[in-house]
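A structural walkthrough
Next come the chains, spelled out residue by residue.
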Amino acid sequence: ADVDGYLFENPVNDDPKKILYRLLGNRELQVTTEGLRSNGRATKNEYVYEREFTPGTGEFRLRGGVNMSTLKGTGNFPTFDTGQPEFGWKAGWELGAAYVIRGRGAFLSVNLEFGLMGRSSAVESSFLADTVYRRDGKYNTAWFMVAAVPELALGRESRFSVLAGPYYGRLMFNQAKGVVVPEGENKLFEANEDLKKNDLGIVLGLQYKLNFGKKDLGGILGVRYNLGLSNVDNLYCANADNTAFCNGTMKFTGLSLYYSVNLLKI
């Protein structure tokens, strides 16, 4: 055995006398035989064998990570003196699980995901409805997320894969901290009424197979861009008499960094 492969030799046998096995990557095996025919003529034959594609398999994966999120405001709001609402990026968290359906050859997979995501955003605004309102602070929200995300490997032996697919989020909790004017019990300004309950969007991501430690846990390090498509604004246009002066939309967007392991290998 050496860098060229595994050589088996039997000098007393006519054909073959030598058999050389050499791996050509993880899926191909080259076999070379040498021998002598009955007339004394030397012979040499080469064969290449390819591993058969395995049928689709499934994985149960656990995922945890962090994110940076913000609300994107567009259009016209009934604002007051300070101009349009301004939103900023804030850190969040996410925990989830997924059932991964691996296709034949492991080129194409489908990730069926669910979990919780904490998304935050800074906000600074003054706007006019039945009176002048002001909101300067931070939204802290928690969403229940589900997604069906196809994943494509970038090569037969590649550690990289790309994924893209739709997600649905259901708002579970919303707390606003900061300056709120006017104070007191006002339904227009209750934090849980500031955002609509449903969010639809698209996940775009890149993953890399990366295992930590000696035990193979099927580790994957990934980064995603979560693009919200739904208008979650339930505050700024709530009491606008003329919708022509209030066509503003607010959409969640964010970038996630996460690590996942195969639950069946823990």
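Up top you'll find the structure we're talking about.
The structure reproduced in this document is the subject of the present report. This structure is a prediction, so every number in the text was calculated from the model and none was measured.

Looking at the overall build of the protein
In terms of regular secondary structure, the protein is built from zero helices and 12 strands. When the helices and strands of the protein are read in sequence order from the N terminus, they spell out β-β-β-β-β-β-β-β-β-β-β-β. For the protein, with 266 residues in total, the buried portion stands at 36%. Counting only carbon and sulfur atoms, one obtains 58% of the accessible surface of the protein, whose full area is about 15400 Å².

Some remarks on the pattern of salt bridges
The tally for this structure, following the rule as stated, stands at seven salt bridges. Across the pair E94 and R63 runs a salt bridge, and its minimum N-O distance is 3.9 Å. Separated by 31 residues along the polypeptide, E94 in strand β6 (residues 86-102) and R63 in strand β5 (residues 58-74) bring together distant segments of the chain. In this pair, the class of E94 matches that of R63, namely buried. Across the salt bridge formed by R224 and E113, the nearest N and O atoms sit 2.5 Å from each other. Separated by 111 residues along the polypeptide, R224 in strand β11 (residues 220-228) and E113 in strand β7 (residues 108-128) bring together distant segments of the chain. A residue is classified by how much of its surface remains accessible, and E113, at 8% relative accessible area, is buried. Salt bridges here are not isolated pairs; linked through shared partners, they connect E59, R61, R102 and E151.

Things to note about the environment of D216
Mapped onto the fold, D216 is located in the loop between β10 (198-209) and β11. Classification of D216 as partly exposed rests on a relative accessible area of 45%. Excluding its chain neighbours within four sequence positions, the residues that come into contact with D216 are N211 and K265. A distance of 2.9 Å separates the side chain of D216 from the backbone nitrogen of G218, its partner in a polar contact.

Some remarks on the sheet that holds strand β4 (residues 42-50)
As summarised here, the arrangement of the four strands in space is β1-β2-β3-β4, forming an open sheet in which the pairing is antiparallel. Each edge of the sheet is formed by a strand with only one pairing partner; in this case those strands are β1 (6-9) and β4. With strand direction ignored, the average angle separating the axes of adjacent strands in the sheet is 15 degrees.

Digging into unusual backbone geometry
Here the amide bond leading from D15 into P16 is cis, since omega sits at 5 degrees, within 30 degrees of zero. Mapped onto the fold, P16 is located in the loop between β1 and β2 (18-23).

Description of the nonpolar core
One finds L71, F87, W143, L195, V232, Y236 and M250 to be the most contacted residues of the largest nonpolar core, which totals 21 residues. Looking at this core, the elements that each hand over two or more residues are β7, β8 (132-153), β9 (160-181) and β12 (249-262). With five residues, β8 is the largest single contributor of residues to this core.

Quick word on the side chain of S230
Relative to the helices and strands, S230 resides in the loop between β11 and β12. According to the relative accessible area criterion, S230 is buried, its value standing at 16%. A distance of 2.9 Å separates the side chain of S230 from the backbone nitrogen of L200, its partner in a polar contact. For S230, the contacting residues outside a window of four places in its chain are N198, D199, L200, M250 and K251.

So, how was this worked out
- Sequence order as written defines residue numbering, which begins from 1 separately in each chain.
- Since the coordinates come from a predicted model, pLDDT governs what is reported: local features require at least 70, and pairs of side-chain atoms require 80 or more to be given and counted, while whole-chain, interface and lining totals use all residues.
- The side-chain numbers reported here are obtained from all heavy atoms of the structure, hydrogens and water having been left aside.
- Only DSSP runs of H or I with at least four residues qualify as helices, and only runs of E with at least two residues qualify as strands; both kinds are numbered from the N terminus onward.
- Here the term buried applies to any residue with accessible area under 20% of the maximum for its type, exposed to any over 50%, and partly exposed to those in between, with areas from a 1.4 Å probe on protein chains only.
- Here the open area of atoms and residues is found with the Shrake-Rupley method and a 1.4 Å probe, where only the protein chains shown may cover a residue.
- For this document, the term salt bridge refers to a Lys or Arg side-chain nitrogen within 4 Å of an Asp or Glu carboxyl oxygen.
- Note on contacts: a residue pair is in contact if any heavy atoms of the two residues lie within 4.5 Å.
- Here a polar contact is recorded for every N or O atom pair within 3.5 Å, except that within protein the pair must consist of a potential hydrogen donor and a potential acceptor, and residues adjacent in sequence are included only if both atoms are side-chain atoms.
- For two strands to pair, DSSP has to find at least two bridges joining them.
- For helices, the axis comes from a line fit to the C-alpha atoms of the stretch in contact; other axes are also lines fit to C-alpha atoms, and the angle between any two N-to-C directions lies between 0 and 180 degrees.
- Only buried residues count toward a nonpolar core, which is a set of Ala, Val, Leu, Ile, Met, Phe, Trp, Tyr and Cys residues joined through side-chain atoms within 4.5 Å.

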